[in-house]
Amino acid sequence: MNTQTIELRTRLRDATAPLHNQLNQQPWLTALLSKELALPHYQQLLSIYYSLYHQLEITIKQCIKEQPIAFDYQPRYKTPLLLNDLAYWHIQPEPLCCQVSVPAINSLGALLGLLYVLEGSTLGASHIAKHLQQSYGYTRSTGSDFFSGYGEQTQTYWQIFITYLNSFSDQEDLATVAINTAGLSFTCFNQALANSQILPFPRAEYPS
């Protein structure tokens, strides 16, 4: 089958599967989905994510400013949600606490590759949000705004993005750049978590 007939979402998913699996196996994320997560670990992870998203979203805003797109990304930025969570836990945000090699976002293809990873992460975060609420009592207003993402609109937001993404499936040069940048973006997430040591905090007490 000619690759131009394959949806761009499918090509991105298949090309980045090994890196995606590597991310899912990061100790930070396995701890996050356990029932023995120490509160300081959770707070540290929020700080790491804030630093990472702060750096990534700067590049997104700059790219969209220079090359406007026919897609409204404004309501999808995650740093405000992370700032809400850090404020709830009385943590001072540190934009550069996590130093990583952020991919260059200087074209539509590169932007789509990065957004594929970020929007996919938001989709997966909805399952994490349910776990955090059931296991620890965290909700959107009590320290889990980031993982709650788009709430009940998560699937709708995902489908809107995928429809936009797949509208470029027949543009081979763009697809090549998108796939490469998606891989770099997953690598960026993997590096951010791998470079941040999980400190040996004792398990905190949580509401039942």
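All of the points below concern the structure found in this document.

Thresholds, definitions, all that
Residues numbered from 1 in each chain as written. Predicted model: local features only at pLDDT ≥ 70, side-chain atom pairs only at ≥ 80, totals over all residues. Heavy atoms only, no water. Core = buried A, V, L, I, M, F, W, Y, C linked by side-chain atoms within 4.5 Å. Buried < 20%, exposed > 50% of the residue type's maximum accessible area, 1.4 Å probe, protein only. Helix = DSSP H or I, 4+ residues; strand = E, 2+ residues; numbered from the N terminus. Contact = heavy atoms within 4.5 Å. Expected span 1.5 Å × (residues − 1). Bend = angle between axes of the 7 residues up to and from the residue. Axes fitted to C-alpha atoms, helices over the stretch in contact; angles between N-to-C directions. Left-handed = near helix turned anticlockwise from the far one by under 90°. Nonpolar A, V, L, I, M, F, W, Y, C, P; charged D, E, K, R; others polar. Parallel < 35°, antiparallel > 145°, perpendicular 65-115°, else oblique. Phe/Tyr/Trp six-rings, centres within 6.5 Å; stacked < 30°, edge-to-face > 60°. Lys NZ or Arg CZ within 6 Å of the ring centre and 35° of its normal.

## Observations concerning the nonpolar core
With 62 residues, the main nonpolar core has L32, Y42, Y49, L118, L132, F147 and F189 as its most contacted residues. Sorting elements by how many residues they give to this core places helix 5 (residues 108-136) first, with 14 residues. Ignoring anything within four residues of it in the chain, the contact list for Y42 reads L32, L37, W89, L132, Y138, G143, S144 and F147.

## A short note on helix 5
Between its terminal C-alpha atoms helix 5 stretches 40 Å, which fits the 42 Å expected from 29 residues at 1.5 Å a residue. Of all the bends found along helix 5, the most pronounced is centred on A125 and spans about 25°. In terms of residue burial, helix 5 counts as a mostly covered element, since 21 of its 29 residues are buried.

## Side note on the packing of helix 3 (residues 39-66) against helix 8 (residues 172-194)
The geometry of helix 3 relative to helix 8 is characterised by a closest axis approach of 10 Å and an angle of 145° between their N-to-C directions. In terms of crossing hand, the pair formed by helix 3 and helix 8 is right-handed. Contacts from L45, I48, Y49, L52, Y53 and L56 of helix 3 reach helix 8 at C188, F189, A192 and L193. Residues belonging to the contact of helix 3 with helix 8 are distributed by class as follows: 10 nonpolar, no polar and no charged.

## Notes on the packing of helix 1 (residues 8-24) against helix 7 (residues 154-166)
To characterise two packed helices, one gives the angle between the axes of the helices and the distance between these axes. Axis separation between helix 1 and helix 7 bottoms out at 8 Å; the angle between their running directions is 100°. Considering their axes alone, helix 1 and helix 7 lie roughly perpendicular with respect to each other. Contacts between helix 1 and helix 7 pair L8, R9 and L12 from the former with W158, I162, L165 and N166 from the latter. Its residues placed into classes, the contact of helix 1 with helix 7 shows five nonpolar, one polar and one charged.

## Observations regarding the packing of aromatic side chains
For any two aromatic rings, the description comes down to two numbers: the centre-to-centre distance and the angle of the planes. In this structure the tally under the stated criterion is 20 aromatic pairs. Ring geometry for Y49 and Y53: centres 6.1 Å apart, planes at 65°, overall edge-to-face. A residue pair is termed a helical-turn pair when its members lie 3 or 4 positions apart in one helix, as Y49 and Y53 do in helix 3 at four residues. For Y49, a relative accessible area of 7% gives the class buried. Among the aromatic residues, ring-to-ring pairing joins Y42, Y49, Y53, Y88, W89, Y136, Y138, F146, F147 and F189 into one connected group. One residue, K61, lies across the ring of Y77, its end atom 4.9 Å from the ring centre.

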